[in-house]
Amino acid sequence: MSDLPDIVTRWIRPEIQALSAYHVPPARGFIKLDAMENPYHWPEQMVEQWLAQLREIELNRYPDPSPAGLKQGLAEVMCVPEGQEVILGNGSDELIQMIAMAMAQPGRKVLAPEPSFVMYRMIATFTGMDYVGVPLVSKGGAEDFSLDREAMLAAIEQHEPAAIFLAYPNNPTGNLFDRDAVKAIIEASPGLVVVDEAYHAFAGDSFMSELVRYDNLVVMRTVSKMGLAGLRLGLLAGPAPWLTEFDKVRLPYNINVLTQKSTEFILAHREVLDQQTRQICVDREVLMQALVEMEGVTPFPSKANFILFRVAGADAVFASLKEQGVLIKNLSSTGGLLQDCLRVTVGSSEENSQFLTALASAIM
Ligand SMILES: *Cc1c(COP(=O)(O)O)cnc(C)c1O
């Protein structure tokens, strides 16, 4: 790090030099429960049908720059209200980046509760915006990770953020914020509020229908956590005046032709994904119950496809799990409210059992 050539240190922005790149640990050979992926594949016959459709793709041609049919299909499946606009991103990460790029100016702020999805802070930094994190509620070590409504409202008044990001349910804590608190934030915000519903499939709750009520609200979804993380496709829904501006900073052809074709195919077979989602929700409750009963482990309630839990000596527990071939996410080093916290993705019931056995042995 310290040996950067002078020409690089001279020209790369200091805040970028100060960052470490988003770290994805190698996972080959592990039971992979670190990244909120769906553990299931498709029935063999469905795979064959999909491959037959891919065969028709002309890879020598650019993709449709703004695939209207695909947007319409997704809007219907995701219950986007009539009259609201939709834009697509190369994952919802790209949508966050587009929003920030369209708003960034020196001194402009992005605000989010903490802990939350790390890309809000990172993308604010990439685009030269200031970032304000407002801690979630913690009462003497007994966190419930709810929104600190008064602190959020005070921070909004003080900082006048251009954009507020609320993950609903929140990552990495797994809880849904209080609806009324979210509404109070939307009403108090002088700028845009982005409700990030990456885990919508597991939550049974949404702000999508509220789009018609607020002109400073947009709702973001992704297909990643539903079982299509490899496709890279996110969706932003909201009022046309906002989305028309965001669409201007979108790179042409941001959704590649394989993703477009595959998504069209899956929309027609979405019962398979819905069934997998229902299974994951059932297994989440089984896993939660097992963690509740495990001595020394404190799991937090989850409406997503992962569970955050606290365990004494989290670093050692994480290392032991890894040693036993189970990869989860260690959030303990983040400190603060996440001291001694680990996050496990709900996998197949067999993977969950293997994780539980490894965990029991790790904390002995
Ligand atoms: C995983 C995640 C995303 C990113 O989704 P992609 O569509 O894969 O880029 C966005 N927001 C939250 C809260 C997430 O957890």
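Residues numbered from 1 in each chain as written. Predicted model: local features only at pLDDT ≥ 70, side-chain atom pairs only at ≥ 80, totals over all residues. Heavy atoms only, no water.

**Some remarks on the overall build of the chain**
Helix and strand counts for the chain come out as 14 helices and 13 strands. Taking 2.2 N^0.38 as the reference for a compact globule, 364 residues should give roughly 21 Å; the C-alpha atoms of the chain span a radius of gyration of 21 Å, in line with that estimate. Along the longest, intermediate and shortest principal axes, the C-alpha atoms of the chain span 55 × 55 × 50 Å. Within the chain, buried positions represent 50% of all 364 residues. Working note: accessible area of the chain is about 17600 Å², and carbon and sulfur atoms make up 53% of it. Charge separation in the chain, taken as the distance between the mean sites of 29 positive and 45 negative side-chain charges, equals 3 Å. (Helix = DSSP H or I, 4+ residues; strand = E, 2+ residues; numbered from the N terminus. Rg over C-alpha atoms; globule rule 2.2 N^0.38 Å. Buried < 20%, exposed > 50% of the residue type's maximum accessible area, 1.4 Å probe, protein only. Areas by Shrake-Rupley, 256 points an atom, 1.4 Å probe, with all protein chains shown as cover. Lys, Arg positive; Asp, Glu negative; His and termini not counted. Charge placed at Lys NZ, Arg CZ, Asp CG, Glu CD.)

**Overview of the nonpolar core**
Core analysis: the largest hydrophobic core is formed by 51 residues, its most contacted members being Leu74, Leu88, Leu147, Met152, Ile164, Leu166 and Val182. If you tally residues by element for this core, the top one is helix 8 (residues 179-188), at 4 residues. Both domain 1 (4-44 + 271-362) and domain 2 (60-267) contribute no fewer than three residues apiece to this core. Every residue in contact with leucine 88, bar those within four places of it in the chain, is listed here: Pro67, Leu70, Lys71, Leu74, Leu95, Leu233, Gly234, Leu235, Arg250, Asn254 and Ile255. Grouped together as the second largest cluster of nonpolar side chains are 34 residues, Tyr199, Ile328, Val344 and Ala358 included. (Core = buried A, V, L, I, M, F, W, Y, C linked by side-chain atoms within 4.5 Å. Domains from an automatic or database assignment. Contact = heavy atoms within 4.5 Å.)

**Here we look at the domain arrangement of the chain**
Partitioning the chain into structural domains gives domain 1 (4-44 + 271-362) and domain 2 (60-267). Put simply, the middle of domain 1 and the middle of domain 2, counted by C-alpha atoms, are 22 Å apart. Contacts between domain 1 and domain 2 engage 28 residues on the former and 33 residues on the latter. In total, about 2400 Å² of surface goes out of reach between domain 1 and domain 2, with carbon and sulfur atoms giving 70% of it. Broken down residue by residue, the surface that domain 1 buries against domain 2 is led by Leu273, Lys303 and Leu337, which jointly contribute 25%. Applying the counting rule to domain 1 against domain 2 returns 0 salt bridges. (Buried area = accessible area lost by both parts, 1.4 Å probe. Salt bridge = Lys/Arg side-chain N within 4 Å of Asp/Glu carboxyl O.)

**What to know about the side chain of serine 189**
For serine 189, the location among the structural elements is in the loop between helix 8 and strand 6 (192-196). Taking relative accessible area as the criterion, serine 189 reaches 8% and is therefore assigned buried.

**Focus: the site of the ligand**
Near the ligand, the surroundings consist of 14 residues, among which Asp196, Tyr199, Thr222, Ser224 and Lys225 are the closest. Contact distances for the ligand include 2.6 Å between an oxygen atom and a side-chain N or O atom of tyrosine 199. Residue threonine 222 places a side-chain N or O atom 2.5 Å away from an oxygen atom belonging to the ligand. For the ligand, whose free accessible area comes to 390 Å², the fraction covered by protein is 94%. Here the residues of the shell around the ligand sort into 5 nonpolar, 5 polar and 4 charged. (Near = heavy atom within 4 Å. Polar contact = N/O pair within 3.5 Å; in protein donor to acceptor, adjacent residues only side chain to side chain. Nonpolar A, V, L, I, M, F, W, Y, C, P; charged D, E, K, R; others polar.)

**Overview of the packing of aromatic side chains**
Using the criterion set out here, one finds 10 aromatic pairs in the structure. Relative to tryptophan 50, the ring of tryptophan 42 has its centre 5.3 Å away and its plane inclined at 75 degrees; by these criteria the two rings are edge-to-face. For tryptophan 50, a relative accessible area of 23% gives the class partly exposed. Here tyrosine 120 and phenylalanine 165 contribute two aromatic rings whose centre-to-centre distance is 4.8 Å and whose plane-to-plane angle is 15 degrees, an arrangement assigned as stacked. Of this pair, tyrosine 120 sits in helix 6 (residues 118-126) while phenylalanine 165 sits in strand 5 (residues 163-167), and the two are 45 residues apart along the sequence. Here the two residues tyrosine 120 and phenylalanine 165 agree in accessibility, since each one is buried. Among the aromatic residues, ring-to-ring pairing joins Trp42, Trp50 and Phe265 into one connected group. Residue placement shows arginine 179 over the ring face of phenylalanine 207; its charged tip is 4.2 Å from the ring centre. (Phe/Tyr/Trp six-rings, centres within 6.5 Å; stacked < 30°, edge-to-face > 60°. Lys NZ or Arg CZ within 6 Å of the ring centre and 35° of its normal.)

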